[in-house]
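Commentary on secondary and tertiary structure
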Amino acid sequence: MNAPIGVIDSGVGGLTVAKAIMELLPNETIYYIGDTARCPYGPRSKQEVRNFTWQMAKALEKMNVKMLVIACNTATAVALESLQKHMPFPVLGVINAGARAAIKETKRNEIVVLATEGTIKSGAYEEAVKSLSTKAKVIPLACPTFVPLVESGEYEGQFSYNLVEKGLKPIENERFDTVILGCTHYPILQKQIEAAVGPDVHVLSSAQETAKDVEAILSYKGELRTEKEPPQHVFHASGSVPIFRSIAERWLEQGALDLHKISFEK
Ligand code: DGL
């Protein structure tokens, strides 16, 4: 089926998942919404995050997507089940994929989960990890300064290394061999996070595992895109279009993105 795949996030973070989908499935079209006007979702109430996520899902339903990827852990934790129940197409979250990536990689079963306050409070990662391995120990840490840093677009200088190091201070005496980036914004800070935890720790995201899930679902349903012309991705941001463009074009290594402003009712 030649319809697009919908991808949503509170902001630019879901682009880390979109990029992995583009790499694994280069013939697929992506319609992306980043709710940058209301980002971050991490400190918001469950109800608010659920409402905002539903608004984005509805907008993509109107654009006739064939499936939806909730490329936001905070939104996955509170809205995945209800969207799966009510949307007329498959809906995929990122938390199970992140947990799977960590369990595949860890040797000592000591896993740090870095995520937003909302995701950490939900306990969704612990649950997902425990459902795959009863031996695994999960050390959760909320990193509330990381998403605003990424969304500012100023995440490349020494300042970003200092801020990440400070954010990871609470786990400096913990033992772990694997870090899950349990927020889709964090792979944009991968270098800074790797520098802070040192070379012996694996730092993983859910992006590649999620892309594999997308492929599995579409091929099982016989819905992979068959058209020969290259896909035309479309991006939407509810906040600043120039800032979104600058981050997205850098991260995706593509110029002249087809990018539009989108508004949601309060
Ligand atoms: N990128 C999102 C996540 O994976 C949310 C970041 C936020 O808005 O706080 O959780």
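1. What about the overall build of the chain?
- Within the chain, the regular secondary structure consists of 11 helices and 10 strands.
- Over its C-alpha trace the chain gives a radius of gyration of 17 Å, about what one expects of a compact globule, namely 18 Å for 266 residues.
- Sequence-distant contacts, at least 24 apart, represent 76% of the contacts inside the chain between residues at least 6 apart.
- Carbon and sulfur atoms form 52% of the exposed surface of the chain, whose accessible area is close to 11900 Å².
- Charged side chains in the chain number 29 positive and 31 negative. The centres of these two groups are separated by 3 Å.

2. Some words on the site of the ligand
- Surveying the vicinity of the ligand reveals 14 residues, the closest of which are S10, Y41, N73, T74 and H185.
- One of the backbone nitrogen or oxygen atoms of N73 is found 2.8 Å away from an oxygen atom of the ligand.
- Relative to its unbound accessible area of 300 Å², the ligand is 99% covered by the protein chains.
- By residue class, the composition of the shell around the ligand is six nonpolar, seven polar and one charged.

3. Quick look at the sheet that holds strand 9 (residues 234–237)
- Read from one edge to the other, the open sheet built from six strands follows the order 4-3-1-2-9-10, with strand pairing classed as parallel. Each end of this open sheet is capped by a strand with a single partner; those strands are strand 4 (91–92) and strand 10 (259–261).
- Two elements, strand 1 (residues 5–9) and strand 2 (residues 30–34), share five bridges in a ladder whose sense is parallel. Looking at the pairing, I8 lines up with I33 of strand 2.
- Strand contacts of helix 1 (residues 15–24): strand 1, strand 2, strand 3 (67–70) and strand 9, with the helix running at about 170° to strand 2, the strand carrying the most contacts.

4. What to know about the environment of T16
- Here T16 is to be found in helix 1.
- Assessed through its relative accessible area of 4%, T16 is described here as buried.

5. Considerations on the pattern of salt bridges
- Per the stated rule, a full pass over the model turns up 16 salt bridges.
- With a shortest N-O distance of 2.8 Å, R100 and D213 are connected by a salt bridge. Taken together, the residues span a long stretch of sequence, with R100 in helix 4 (residues 95–105) and D213 in helix 10 (residues 207–221) at a distance of 113 residues.
- With a closest N to O distance of 2.8 Å, K104 and E209 form a salt bridge. Here K104 is found in helix 4, whereas its partner E209 is found in helix 10, with 105 residues between them in sequence.
- Look at K104 and you get exposed, because its relative accessible area is 54%.

6. Topic: the packing of aromatic side chains
- The final tally for this structure, using the stated rule, is four aromatic pairs.
- With a centroid separation of 6.1 Å and 40° between ring planes, the pair formed by Y32 and F235 is classed as tilted. Here Y32, found in strand 2, pairs with F235, found in strand 9; they are 203 residues apart in sequence, far enough to count as distant. With respect to class, Y32 is no different from F235; both count as buried.
- On the basis of an interplanar angle of 70° and a centroid distance of 5.2 Å, the ring pair of F146 and Y186 is categorised as edge-to-face. A residue pair is termed long-range when its members are at least 10 positions apart, and F146 in helix 7 (residues 146–152) and Y186 in the loop between strand 7 (178–181) and helix 9 (190–197) qualify at 40 residues.
- Judged by its relative accessible area of 0%, F146 is buried.
- Residue classification places Y186 among the buried residues on the basis of a relative accessible area of 0%.
- Here the aromatic cluster, defined as three or more aromatic residues joined through ring pairs, consists of Y32, F235 and F244.

Rules used in this analysis
Residues numbered from 1 in each chain as written. Predicted model: local features only at pLDDT ≥ 70, side-chain atom pairs only at ≥ 80, totals over all residues. Heavy atoms only, no water. Helix = DSSP H or I, 4+ residues; strand = E, 2+ residues; numbered from the N terminus. Rg over C-alpha atoms; globule rule 2.2 N^0.38 Å. Contact = heavy atoms within 4.5 Å. Areas by Shrake-Rupley, 256 points an atom, 1.4 Å probe, with all protein chains shown as cover. Lys, Arg positive; Asp, Glu negative; His and termini not counted. Charge placed at Lys NZ, Arg CZ, Asp CG, Glu CD. Near = heavy atom within 4 Å. Polar contact = N/O pair within 3.5 Å; in protein donor to acceptor, adjacent residues only side chain to side chain. Nonpolar A, V, L, I, M, F, W, Y, C, P; charged D, E, K, R; others polar. Pairing = 2+ DSSP bridges. Axes fitted to C-alpha atoms, helices over the stretch in contact; angles between N-to-C directions. Buried < 20%, exposed > 50% of the residue type's maximum accessible area, 1.4 Å probe, protein only. Salt bridge = Lys/Arg side-chain N within 4 Å of Asp/Glu carboxyl O. Phe/Tyr/Trp six-rings, centres within 6.5 Å; stacked < 30°, edge-to-face > 60°.

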